[in-house]
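Breakdown of the fold
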Amino acid sequence: MRTGRILLIGLAFLILANLWVRQGALITLAAQVAMAVPPVPALAALLILLAALHLLRRFGITREDVIGVYAFLTLAVALTSGAAMRFFLPALPVPFYFASAENRWAEFQGNIPAWMVPQGDEAIRQYFEGLEMGPVPWGAWAGPLALWLVFFVAFYGLLMCIALVFRPVWEQDEHLAYPMAEMPLMLAGYRKDILHGLWTNGLFWVGFALICLHNAFNIMNAFNPAVTALGLQTDLNPLLNEHPLTALRPLVFRYRPLIFGIAYLMPSDIVISTLFFYFVYLKGLALYGALAGLNLPQFPFSRKQSMGSMVGITVVLLYSARRRIAEVFGRLIGRSDGSKWLPIGLIASAAVVFGFWLVAGMKWWIVLVYYALILSSAIGYMRGRALTGYPHHWIKPLDQERDLIIDFIGTRRMVPGDNFRSLTLLTVQHHLSRGYIPQLAAFPLEAFKMAREIKVDVKQMLNLMIWAVILGSIVSWWMHIGTAYEFGANVLEGGTTSGGQRVSLTVRSYDELAGWMRGHDEPDRPHQIAALSSFTIVIVLAALRRMFIQFPLHPMGFVFAFTGAGENGWAALLTCTIIKSIVLRLGGMRLYNHMLPFFLGVIVGHFFAAGTVWSLIASYGGEGFNKYPVWF
């Protein structure tokens, strides 16, 4: 695998992907291709390169190079998506452009260091309102973004080092499945022992054709409701109109082909545990609250329980890998053999991340606690992807890392002497907790797994993924900032005069900060109990799994139940589990392997029909073509 050649090919695809995202996600709102797992442009590039591999071999490009390009693009393209760099950029100019006498934002503007944000009132105004004439004022952005690039490289370097610490435990000791890494290997022909002749397999094309027909009928129905189609979902909420059944809302049967396809590769105990905890525990608590007359808004606090469960699963993972962690850090003092680059890289990247915010003016203990929670969300998510390959970024505690600190200590203790600098800088980082930037570390984790399978040095793959962070960030910033100055960020992403979704969420976070300056939030006892309860349950479930080999409930299923896998994915998980159970009962593993091409066909067909063909037509087809938007 030649890194230079891979970067050239990958950069070409990355620029095309950003132009695709620009048109589909910022301008027409027809497609969110970068938010898919894997990103649609990355899988499209893989299929194009595999189709042309016979010709490309004449130029020295190998199958290993193709996997390298795919691995590079998974992270580089994902960085340009709606909950990554598109969410990060508004955090810098929003507190200055939207400041007014009424919202009193001027009171915290001085807490944001000048080196962190673009300078110049006119440059900031033009970012939101568009340029009348002249070039994009890159000079206002170059300095701050250069420093932010150092932060993001260090942040992802830290996450990649953590992934490499866990890697031998998860791959060699526990033999985790890594379904999302297995899928491109299968498509590239690396799994001939269980999957021979995928591209000529009839079942593959049956699955491919069925899902293409599903999308075709949905598209026709969007333009002509007289056409019968399955649609995107079936709303079950009308069945729950009477008290106390209203407490079971929301309950929607969503048709998610990608989740349905990958669920066939997921361990059954995790899928069953997810369904059990979602319906029996979470919905059961909601029903109990309604019957008992509990007057607690948002009970049973699923987001708080999600955060507690993520911390719990991270504690379990750290304990399970304690010997590996001791071995890695033992290299620094000669207690264990091996290269010192991994512990040094981990410490150095952590020091840069920590130092970045200390220099900015945050209290050291707030940085420590906040990033401990951010890293726990990332580690828990990486474990979930390694176990299941669940194709969604939102298996995370949504917007909870900062809020958990406030739930336990309140805002008053975070602002000694009414110094709001630390709380202001936490708000600048809102994209880390509300978006899924930390969760993107799962792509390097899967890349390291692929490197082992294709017999490539993991250091070479690490180097490639660092370049993915650098180039993915730079190209994304070039695209988003240039588009903002061309059209005005106020009207992008469906905005009218005050920005689209990402700008609106950022404005809301700064409004919260202004609210805390007028009146503090006190510690919240119900939220504390919810987080501690879920933390304890995960620890108990992990202990029971160790004590009783046949114990059926998996702690990761508990984590999944409180996130997107529960609310959005239960229907696809349930449907596929029923089919998978029938297959295993009728024909065991032989029939299971025989049916595998069908489910891969569903996955590839959905990426091809909806993710690629229709998203390109909808993005570039003009007005009216966004009636069937592409979401993953």
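Before reading further, recall that the structure is shown in the block above.
Starting afresh in each chain, residues are numbered from 1 along the sequence in its written order. With the structure being a predicted model, the display of local features is reserved for residues of pLDDT at least 70 and the display and counting of side-chain atom pairs for 80 or more, all residues being used for whole-chain, interface and lining totals. The side-chain values count all of the structure's non-hydrogen atoms but skip hydrogen atoms and water molecules.

**Side note on helix H4 (residues 63-78)**
Note the cut-off: Labels follow the DSSP assignment, with helices taken as runs of H or I lasting at least four residues and strands as runs of E lasting at least two, numbered in each case from the N terminus. Here the expected length of a helix is defined as 1.5 Å per residue gap, with one fewer gap than residues. Each residue is assigned to one of three classes by its accessible area relative to the maximum for its type, calculated with a 1.4 Å probe on protein chains only: buried under 20%, partly exposed between the two thresholds, exposed over 50%.
Relative to the 22 Å expected for 16 residues at 1.5 Å per residue, H4 spans 23 Å between its end C-alpha atoms, a close match to the ideal helical length. In terms of burial, H4 is largely enclosed, as 14 of its 16 residues are buried.

**Focus: the layout of surface pockets**
Where empty space is left becomes clear once a probe the size of a water molecule has been rolled over the atoms. Using the following cut-off: Only protein atoms enter the calculation, which uses a 1 Å grid: trapped sets of points that fit a 1.4 Å probe without letting it out are cavities, open sets showing protein on both sides within 12 Å along at least five of seven lines are pockets, and any residue with an atom within 4 Å of a point is a lining residue. Grid points are joined across faces, edges and corners, and a volume is the space filled by probe spheres set on the points. Side-chain classes are defined by residue name, with Ala, Val, Leu, Ile, Met, Phe, Trp, Tyr, Cys and Pro counting as nonpolar, Asp, Glu, Lys and Arg as charged, and the others, Gly among them, as polar.
Reported here for the second largest pocket is a volume of approximately 430 Å³. Around the second largest pocket, the lining is made up of 19 residues, and of these Leu-158, Ile-162, Leu-346, Leu-375 and Ile-379 lie nearest the centre. Those elements that provide at least two residues to the lining of the second largest pocket are helix H9 (138-173), helix H14 (302-320), helix H15 (322-330), helix H16 (341-360) and helix H17 (364-388). Counting residues per element, the lining of the second largest pocket draws most heavily on H17, which supplies seven residues. A per-class count over the lining of the second largest pocket returns 17 nonpolar, two polar and no charged.

**Some details on the nonpolar core**
Soluble, globular proteins show a tendency: their nonpolar side chains are buried together. Quick note on the threshold: Here, the term nonpolar core denotes a set of buried Ala, Val, Leu, Ile, Met, Phe, Trp, Tyr and Cys residues that are joined through side-chain atoms within 4.5 Å. Only heavy atoms enter the contact rule, under which two residues are in contact if any of them lie within 4.5 Å.
By size, the foremost hydrophobic cluster in this structure holds 219 residues, and its most contacted members are Trp-148 and Trp-357. In terms of residues, this core owes the most to one element, H9, which gives 21 residues. Ignoring any residue separated from it by four or fewer positions in sequence, one finds Trp-148 in contact with Phe-88, Leu-92, Met-116, Phe-356, Trp-357, Val-428 and Trp-477.

**Looking at the environment of Pro-267**
Relative to the helices and strands, Pro-267 is located in the loop between helix H12 (257-263) and helix H13 (268-292). Sequence separation between Pro-267 and Arg-5 is 262 residues; the distance between their C-alpha atoms is 37 Å. Each residue touching Pro-267, except ones within four places of it in the same chain, is listed here: Leu-387 and Thr-388.

**Brief notes about unusual backbone geometry**
Cis geometry marks the peptide bond from His-243 to Pro-244; its omega dihedral reads 10 degrees. If you trace the backbone, Pro-244 turns up in the loop between strand E1 (233-235) and strand E2 (252-254). A cis amide bond links Arg-249 with the next residue in sequence, Pro-250, at an omega value of -5 degrees. Within the fold, Pro-250 resides in the loop between E1 and E2. In the Ramachandran plot, Gln-298 falls in the positive-phi region, its phi being about 70 degrees despite a non-glycine side chain. Secondary-structure assignment places Gln-298 in the loop between H13 and H14. For Phe-301, which is not a glycine, the phi torsion comes out positive at approximately 60 degrees. Inspection of the secondary structure puts Phe-301 in the loop between H13 and H14. For Phe-301, a relative accessible area of 7% gives the class buried.

**Overview of the packing of aromatic side chains**
Here is the rule we go by: Only centres within 6.5 Å qualify two rings of Phe, Tyr or Trp (six-membered ring in Trp) as a pair; their planes then separate them into stacked at under 30 degrees, edge-to-face at over 60, and tilted for everything else. Here, a charge over a ring is recorded when the distance from Lys NZ or Arg CZ to the ring centre is within 6 Å and its angle to the ring normal is within 35 degrees.
Taken as a whole, this structure holds 53 aromatic pairs when the rule is applied. Their ring planes at 40 degrees and their centres at 5.5 Å tell us that Phe-260 and Phe-599 sit as a pair that is tilted. Note that Phe-260 is positioned in helix H12 and Phe-599 in helix H27 (residues 570-620), a separation of 339 residues in sequence. When the ring of Tyr-264 is compared with that of Tyr-592, the centres are 4.4 Å apart and the planes differ by 10 degrees; the resulting orientation is stacked. Within this pair, whereas Tyr-264 is found in the loop between H12 and H13, its partner Tyr-592 is found in helix H27, the two being separated by 328 residues in sequence. Neither residue differs from the other here; Tyr-264 and Tyr-592 are each classed as buried. If you follow Arg-322 out to its NZ or CZ, it ends over the ring of Tyr-319, 4.0 Å from the centre.

**Some details on empty space enclosed by the protein**
Within this structure, the stated rule accounts for two cavities of 30 Å³ or more. Roughly 150 Å³ of internal volume is contained in the largest cavity. Lining the largest cavity are 13 residues; nearest its centre among them are Leu-26, Arg-86, Tyr-127, Ala-489 and Leu-492. Among the secondary structure elements, those contributing two or more residues to the lining of the largest cavity are helix H22 (458-487) and helix H23 (501-518). Surrounding the second largest cavity, Gly-380, Tyr-381, Gly-384, Arg-385, Tyr-390, Ile-395, Met-556 and Phe-560 form its lining. When contributions to the lining of the second largest cavity are tallied by element, the ones reaching two or more residues are H17 and helix H25 (555-561). Considering every element that reaches the lining of the second largest cavity, the biggest residue donor is H17, with four residues. Broken down by class, the residue content of the lining of the second largest cavity amounts to five nonpolar, two polar and one charged.

**Focus: a nonpolar patch on the surface**
Definition in use: Patch members must show over 30% relative accessible area and no salt bridge, and they are joined within 9 Å when carrying like charges or within 5 Å when they are nonpolar side chains of Val, Leu, Ile, Met, Phe, Trp or Tyr. With residues, only the protein chains shown are counted as cover, and all accessible areas are computed by Shrake-Rupley using a 1.4 Å probe. One speaks of a salt bridge when a side-chain nitrogen belonging to Lys or Arg is within 4 Å of a carboxyl oxygen belonging to Asp or Glu.
There is a patch of nonpolar side chains on the surface, built from Ile-15, Leu-16, Leu-19, Trp-138, Trp-478, Leu-616 and Tyr-620 and spanning about 660 Å² of accessible area. For the nonpolar patch, the secondary structure elements donating two or more residues are helix H1 (3-27) and H27. Of all the elements, H1 adds the most residues to the nonpolar patch, at three residues. Here Trp-478 is to be found in helix H22. Overall, Trp-478 belongs to the partly exposed group, its relative accessible area being 41%.

**As for the side chain of Ser-377**
Just so we agree on the cut-off: Polar contacts, as used here, are pairs of N or O atoms within 3.5 Å; protein pairs need one atom able to donate a hydrogen and one able to accept it. Residues neighboring in sequence count only if both atoms are side-chain atoms.
Along the chain, the position of Ser-377 falls in helix H17. Within the structure, the side chain of Ser-377 is placed 2.7 Å from the side chain of Glu-401, a separation counted as a polar contact. Here Ser-377 is in contact with Met-307, Met-310, Pro-397, Glu-401 and Gln-439, once residues within four sequence places are set aside.

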